[in-house]
Amino acid sequence: MKTRWNRAAILAALVASAVPAAALAQSTTYNAEVRRTSFGIAHVKAADYGSIGYGVGYAFSQDNFCMIADEFVTVRGERSRYFGESGTTPYQRNNLVSDYYYALMNGDPAPLRAGLASMSPELQAAFRGWAAGYNRYLRDTGVANLPAPCTGGAWVRPIDEVDMMRLVRRYLLEASTNNFMEGMVAAKPPAAAAALKSGEQLGPRSDAGIPGFDQEYWRTFRSQLGSNALGLGSEATDNGRGMLLGNPHFPWSGTLRFYQFHVTIPDEIDVMGGALSGFPLINIGFNKDVAWSHTNDTPNWHFTLYQLKLDPANPTRYVYDGQARDMTAKTVSVQVKNADGTLSTKSNTFYLTHFGPVMTSTSLPIPWTRTNAYAMREVNLDNWRLGDQWRAINKAKSTGEIKQALQSIVGIPWVNTTATDKDGNAFYGDISTTPNLPREKQSLCTPDATFAVVFSLNGPPVLDGSRSFCEWEEDGAAPQPGLMPGGNAPFLERRDFVQNSNDSYWLANPAVDLYRWSIPASMGLVPGQQNMRTRLGILQAQARLAGTDGMTGNKFTLANLQQLALSNRSLTADLFLADVAALCALPAASGVQAECGVLSAWDRKYDLTSRGAHLFREFFNTARNIANVYQVPFNYLDPVNTPRGFAVSNATVATALVAALKGAGDRIRGAGLAIDAPLGAVQFTLRGATPVPIHGGEGDYLGIYNKISTTLVPGLGYVVTTGTSYIQTVQFTDSGPTAQAFLSYSQSTNPASPNFADQTARFAAKQWIALPFTEAAITADPGYRTTTIRE
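Here's what I pulled together on the structure shown here. Since the structure is predicted, the reported quantities are computational estimates derived from the model, not experimental observations.

1. Topic: the pattern of salt bridges
Then, in step 1: Tallied over the full model, the rule gives 41 salt bridges.
Then, in step 2: Close ionic contact of Arg391 with Glu122 constitutes a salt bridge, the shortest N to O distance being 3.8 Å. Of this pair, Arg391 sits in helix α11 (residues 386–395) while Glu122 sits in helix α7 (residues 121–141), and the two are 269 residues apart along the sequence.
Then, in step 3: On the accessibility criterion, Arg391 (1% relative accessible area) is buried.
Then, in step 4: Its salt-bridge partner being Arg391, residue Glu268 comes within 3.0 Å of it at the nearest N-O pair. Residue Glu268 is located in the loop between β5 (258–265) and β6 (269–276), and its partner Arg391 is located in helix α11; the two are separated by 123 residues in the primary sequence.
Then, in step 5: Taken together, the shared-partner salt bridges connect Arg76, Glu78, Arg157, Asp163 and Arg166 into one network.

The following block contains the structure:
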């Protein structure tokens, strides 16, 4: 897909005031001052964007070189060459599959260079500078002196601008194509001589009995990443200025970790916060005028599937508007390290259509048969606008400027935006790259009833690939063919509050129904049942403003905002534990009285001292999937308060609930843990060989704002995998922003660094960290130190 966008319009959105000549200058040299404050937070000051990137890249490499070097091996498609084909990436993708995929997506440098060239000169300089900073650290340190696990690694080498764009594309596709690499590699045409069996079912007709269909597939897909954001306006805060809670829930390992830093070009940009590995500007943060955060827009599908009608004589030809088209067979080859250390070559052939690659799945009803195949069209493949999008946000002076930048650039790939400003405005928008697919067209183009139910209600649109009518619509107001114009996306501006916790735009503030027929159905099911975090976030905000939450007054302060963020209250426990007590009084529950006793004494929280919290987690995770389990089912007229209660009076449901409670206890005991252990004794993260107890829990179904996802490891406990990562609270005052935050997993991945676990300990203790933003605060910080790097 060729990107086309109006450079003049986008640059106008980027520049609120004249950009200093020094900041625009492209130079072959870099000069950056890298200052550090407590907890290893980097403050990079320079005269131009290239030097900013240089300083950020150097500082990041000091803290996380081996982690990012490993990712560059991944996005170059070279894992099998250095680590063998049977290993996995940090995110558990098979090395060989990953290599084939990235050889397809990133193997040709020409579109990657073109993508960089389409960015503004400032962003081009920043990304090139980041690569130069990485290379400077590698050159200064030497491969032999790098920390483990990359000491002397043959896979470590300098990077260039193409590698940076490989990394950018990897991020662009995180919520879409990356998740289907196995299905793309596995997609192969049926044997040409194969004949259809008599009576063979070629297409599914209902989600019951579909071979390979996994009912949990889309729910699991959507829950991989999450976030909370609460933007407070003048009517909600104690001083009448804006206040923000930003709490992304991202992996605690790998390049999807956030990195904390602060960048300053005098009279041009001054912004602090966190960004994903390798990004030279801030993704989530604040400046002196605005604060913002992002939440994964999981109901918004950034891709569609197309059902292809195949030529009966050739399964690699598909029919489009009555004419047969050939698929393009593209073979990629990668190097594989053998057991004896020698290299061999392995190859895979992908099949491409004008929509995109053909894919299959073992979990979805999309097989490649003699009559049909399925291709994926991706909206973010050539979204090289993302860097300029975040630069515009970094420079914004009001929520209005953020909205205007989002609507004009449309470069946010897969997140909502929540923001506040010093004047007390609160803003929410799901203004991200979205296929321009009107509801009527989706309805007319859905191939059959199965896809209408199984996919369109729970997953991405599946469209008829045999008709040009079913292509995404083109609109001259959009910066890219087939993209929905930013001005058509839902947004909300308030003076009380806006919020999002990964549900759709519908209830950004329950006082306003944002639903419009013109908003594509692919942006979220409306009305739809909300996850428990969304419900908790709304209820907490409403109770605070009504003064009914037990705290003083009816306004938000920084302190009570932080208290709500990490209260670890479980809304699910509040709504269901009374019915668990009723269940435990039944004769059928005689075999689970130990479990009943633990839950009756539990404090309904996921604090470190909460006993039995893990038992409720295991129990409810099973209970929520019991048929007809709720006493009050979901009601779209009361979405914040439903569903609720267990239907204990239903004998079948009660029997299943008792079994779920018994199974929960058995799983925990089987893992060698006590069902009444305090959470801090069973849930932790490892920093080296040292366990650090971590509070919080599974937010989507347990209703905990502080979402912490874990894996139960027998004999050890619940080990954190994802969850609260860079969490910031920002309040605007007459003297500027006051910000306190955590980087929950700490700044460095190097066990030898003093910043390997320091913030993790503070997070575990709920001791918020003040962020030094002004020059006076930076230089007065007890951990202040500075160095200047040039080349």
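2. A word on helix α15 (residues 532–546)
Then, in step 1: For α15, built from 15 residues, the straight-helix expectation of 21 Å at 1.5 Å per residue is met to within 8% by its first-to-last C-alpha distance of 21 Å.
Then, in step 2: In terms of burial, α15 is a largely internal element, 11 of the 15 residues being buried.
Then, in step 3: Residues of α15 that are buried sit in contact with β3 (226–232), β4 (243–251), β19 (497–500), α16 (558–565), α17 (571–584) and α22 (699–702).
Then, in step 4: Between a side-chain oxygen at the N-terminus of α15 and the backbone nitrogen of Arg533 the separation is 2.7 Å; the capping residue is Asn531.

3. A few points about the state of the cysteines
Then, in step 1: Under the defined criterion, the tally for this structure stands at 3 disulfides.
Then, in step 2: The disulfide partner of Cys66 is Cys150, and the S-S distance across this bridge is 2.0 Å. Judged by the sign of its S-S torsion, about -65°, the cystine formed by Cys66 and Cys150 is left-handed. In this pair, Cys66 is assigned in helix α3 (residues 49–75) and Cys150 in the loop between α7 and α8 (161–172), connecting sequence segments 84 residues apart.
Then, in step 3: Classification of Cys66 as buried rests on a relative accessible area of 9%.
Then, in step 4: What makes Cys150 buried here is its relative accessible area of 0%.
Then, in step 5: Residue Cys584 pairs covalently with Cys596 via a disulfide, S to S 1.9 Å.

4. Here's the deal with helix α12 (residues 399–409)
Then, in step 1: Among all positions of α12, only Thr399, Ile402, Lys403, Ala405, Leu406 and Ile409 are buried. Looking straight down α12, one finds its buried side chains confined to an arc of 165°; they lie on one side.
Then, in step 2: Immediately beyond the C-terminal end of α12, within one or two residues, lies Val410, with a positive phi of roughly 50°.

5. Digging into empty space enclosed by the protein
Then, in step 1: A complete count under the given rule lists 6 cavities of 30 Å³ or more for this structure.
Then, in step 2: Here the largest cavity is characterised by a volume of approximately 200 Å³.
Then, in step 3: As for the largest cavity, its lining consists of 16 residues, and the residues nearest its centre are Leu276, Asn283, Trp390, Trp414 and Val415.
Then, in step 4: When contributions to the lining of the largest cavity are tallied by element, the ones reaching two or more residues are β4, β8 (290–296) and α11.

6. Regarding the nonpolar core
The nonpolar side chains of a soluble globular protein tend to be buried with one another.
Then, in step 1: Counting residues in each nonpolar core, the largest one holds 206 residues, and the members touching the most others are Phe616, Phe619, Phe646 and Leu657.
Then, in step 2: Looking at which element gives the most residues to this core, the answer is α3, with 15 residues.
Then, in step 3: Counting 22 residues, the second largest nonpolar core, distinct from the first, contains Tyr351, Phe355, Ala375 and Cys470.

7. Description of the pairing of β3
Then, in step 1: Burial analysis of β3 places 7 of its 7 residues in the buried class, the great majority of the element.
Then, in step 2: Of the two faces of β3, both are covered, the one formed by Gly226, Asn228, Leu230 and Leu232 as well as the one formed by Ser227, Ala229 and Gly231.
Then, in step 3: As paired strands, β3 and β4 are joined by 7 bridges and run antiparallel to one another. By the bridge assignment for β4, Asn228 is matched with Asn247.

8. Quick word on the pairing of strand β25 (residues 717–724)
Then, in step 1: Counting buried positions along β25 yields 7 of 8 residues, so the element is predominantly enclosed.
Then, in step 2: Alignment of β4 against β25, held across 3 bridges, turns out to be antiparallel. The residue bridging Phe250 from the neighbouring strand is Gly723, located in β25.
Then, in step 3: Direction of pairing for strand β22 (residues 683–687) relative to β25: parallel, over a ladder of 2 bridges. For Gln683, the partnering residue across the bridge sits in β25 and is Tyr718.
Then, in step 4: Of the pairings in the sheet, the one linking strand β24 (residues 708–713) to β25 comprises 6 bridges and is antiparallel in character. Residue pairing in the sheet places Val713 in a bridge with Gly717 of β25.
Then, in step 5: Between the antiparallel neighbours β24 and β25 lie 3 residues, among them Gly715 with a positive phi of about 85°.

Rules of the game
- Residues numbered from 1 in each chain as written.
- Predicted model: local features only at pLDDT ≥ 70, side-chain atom pairs only at ≥ 80, totals over all residues.
- Heavy atoms only, no water.
- Salt bridge = Lys/Arg side-chain N within 4 Å of Asp/Glu carboxyl O.
- Helix = DSSP H or I, 4+ residues; strand = E, 2+ residues; numbered from the N terminus.
- Buried < 20%, exposed > 50% of the residue type's maximum accessible area, 1.4 Å probe, protein only.
- Expected span 1.5 Å × (residues − 1).
- Contact = heavy atoms within 4.5 Å.
- Polar contact = N/O pair within 3.5 Å; in protein donor to acceptor, adjacent residues only side chain to side chain.
- Disulfide = S-S within 2.5 Å.
- Arc of directions from axis to C-beta.
- 1 Å grid on protein atoms, 1.4 Å probe; cavity = no way out; pocket = protein on both sides within 12 Å on 5 of 7 lines; lining within 4 Å.
- Points joined across faces, edges and corners; volume = space filled by probe spheres on them.
- Core = buried A, V, L, I, M, F, W, Y, C linked by side-chain atoms within 4.5 Å.
- Pairing = 2+ DSSP bridges.

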